[in-house]
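Each chain, letter by letter, is given below.
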Amino acid sequence: MVTADDLRGQVRGFLAGHDPAAMDRLDFLRARFDAGLAWVHYPAGLGGQGLPRDLQPAVDAEFAAAGAPTNRPERNGIGLGMAAPTILAYGRPGQQRRWLRPLWTGEEIWCQLFSEPGAGSDLAGLATRAVPDAAGERWVVNGQKVWTSSAHLARWALLVARSDPDVPKHQGLTYFACDMTAPGVEVRPLRQATGEAEFNEVFLTDVPIPDADRIGPVGEGWKVATATLMNERVAIGGGAAPREGGMIGSAVRTWREHPERRTPGLHDRLIRLWADAEVARLAGARLRQQLAAGQPGPEGSAAKLVFARLNQEISGFEVELAGPDGLRYDDWTMRRPEGANFYGRDPGYRYLRARGNSIEGGTSEILRNIIAERVLGLPPETRVDTGVPWKDLPR
């Protein structure tokens, strides 16, 4: 049985033949992937060794200690956290070999074409159409997607489209990988309250997608999309963080550096927020242990829900603690960032950016429904569209 010490030895042996200071960054990452030291719980030949997920931190720590380059997860979070596990679970062998290596190295950025102007919380109601050609070798896609993070950087997209309007909405969907450089793909920026255009809207006009890029069977797109969404919520809300990491870290730092701003009321709020953040951190560690034994389930929705609430409450505390400076936000220049940045810059930025945490990755209202029905087992809400063909639903 391979242990963490065995893997540390493998990393040291790899580093002996691959000096990160002397090698090109991309060449180093490719070699690490090929050595099975990218994500050790993935199969051999796909960047891993088929080992338990909980051995990965030992590998990452060894590479970090050596000053090795990273695959910049902040730039390709959707690819690493959502596309990769979906491709591994539902992709065909050729698709896995084709996409996983450049995804992990960061050569190819991925985005997610799910939400639409008329299908956000009710994702299964989406209207983007995928029509197969007569030979069955490709699909033609038309529609509009919105709130697409990193679409301006992406080479590939996870796409859910309606392939059959004559069946109930959950049954008529098919899942694809969409080439963002294909003809007919148009990306337009959506400017946020922070001034950034991290999100985009994407227009698809007669976009050709080879059937070879379909992920999962025809008509089972909802099943594949659900797996992606479960991984998304874990990626957003269940990430590993040290004590006083994330949003609470900046608030605590400001508190320690500015004793003149302290009041008994603020002290009470900070203690409560610190305790909540620590509980969330420990719950996240438990969630990752559960992931090591299988696929993410609805528990990730709770982690993401707490993440959004805490970020908004802590950023509000930061603005109040900063006093008059907390009301200043003077850098509203148009920017096209390379990834989501929940914690950077200043209190004003964090406060504005946190407003989106309860929307992105599933709204907090929908996540509460998932927790109520799928975790707590409470009676489900009444749904009047069950069994009704999508084409007959009012829109």
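Look up: the structure comes first, before these words.
Predicted, not measured: the structure shown is a model, and the values here were computed from it.

Quick notes on the rules
Residues numbered from 1 in each chain as written. Predicted model: local features only at pLDDT ≥ 70, side-chain atom pairs only at ≥ 80, totals over all residues. Heavy atoms only, no water. Salt bridge = Lys/Arg side-chain N within 4 Å of Asp/Glu carboxyl O. Helix = DSSP H or I, 4+ residues; strand = E, 2+ residues; numbered from the N terminus. Buried < 20%, exposed > 50% of the residue type's maximum accessible area, 1.4 Å probe, protein only. Phe/Tyr/Trp six-rings, centres within 6.5 Å; stacked < 30°, edge-to-face > 60°. Contact = heavy atoms within 4.5 Å. Polar contact = N/O pair within 3.5 Å; in protein donor to acceptor, adjacent residues only side chain to side chain. Core = buried A, V, L, I, M, F, W, Y, C linked by side-chain atoms within 4.5 Å.

Chemist: Now, about the pattern of salt bridges: what can you tell me, with residues and values included?
Modeler: What the rule picks out here adds up to 28 salt bridges. The salt bridge partner of E62 is R12, with a shortest N-O separation of 2.9 Å. Of this pair, E62 sits in helix α3 (residues 56–65) while R12 is found in helix α1 (residues 4–17), placing the two residues 50 residues apart along the sequence. Two residues, K169 and D122, come together in a salt bridge whose shortest N-O distance is 3.0 Å. Pair noted here: K169 is in the loop between β4 (156–162) and β5 (173–179) and D122 is in the loop between β1 (110–113) and β2 (129–132), with a separation of 47 residues, a long-range link. What makes K169 buried here is its relative accessible area of 7%.

Chemist: How would you summarise the packing of aromatic side chains if you had to cite specific residues and measurements?
Modeler: Going through the model one piece at a time under the given rule, you end up with twelve aromatic pairs. Plain terms: the ring middles of F14 and F63 are 5.9 Å apart, the flat faces sit at 75° to each other, and that makes the pair edge-to-face. Linking F14 in helix α1 with F63 in helix α3, this pair joins segments that are 49 residues apart in sequence. Taking the relative accessible area as the measure of exposure, F14 reaches 7% and is therefore buried. With a centroid separation of 6.5 Å and 70° between ring planes, the pair formed by F33 and W39 is classed as edge-to-face. Summarising the burial analysis for this pair, F33 and W39 share the class buried. The structure contains a cluster of three or more aromatic residues connected by ring pairs, namely F33, W39, Y42 and W104.

Chemist: Tell me about helix α2 (residues 25–34), and please be specific about residues and values.
Modeler: Buried within α2 are the following residues: F28, L29, A31, R32 and F33. On the buried face of α2, the contacting elements are α1, α3 and α5 (93–105). A distance of 3.0 Å separates the backbone nitrogen of L26 from a side-chain oxygen at the start of α2, and that oxygen is part of D24.

Chemist: Break down the nonpolar core for me, with residues and values.
Modeler: Among the nonpolar cores identified, the biggest contains 31 residues, and W39, I87, L100, L103, W110, F114 and Y175 are the most heavily contacted of them. Elements with a minimum of two residues in this core: α2, α4 (77–90), α5, β4, β5 and α6 (221–237). For this core, the element with the most residues is α4, which contributes six residues. Residues A154, A157, V185 and V207 belong to the second largest nonpolar core, which totals 19 residues.

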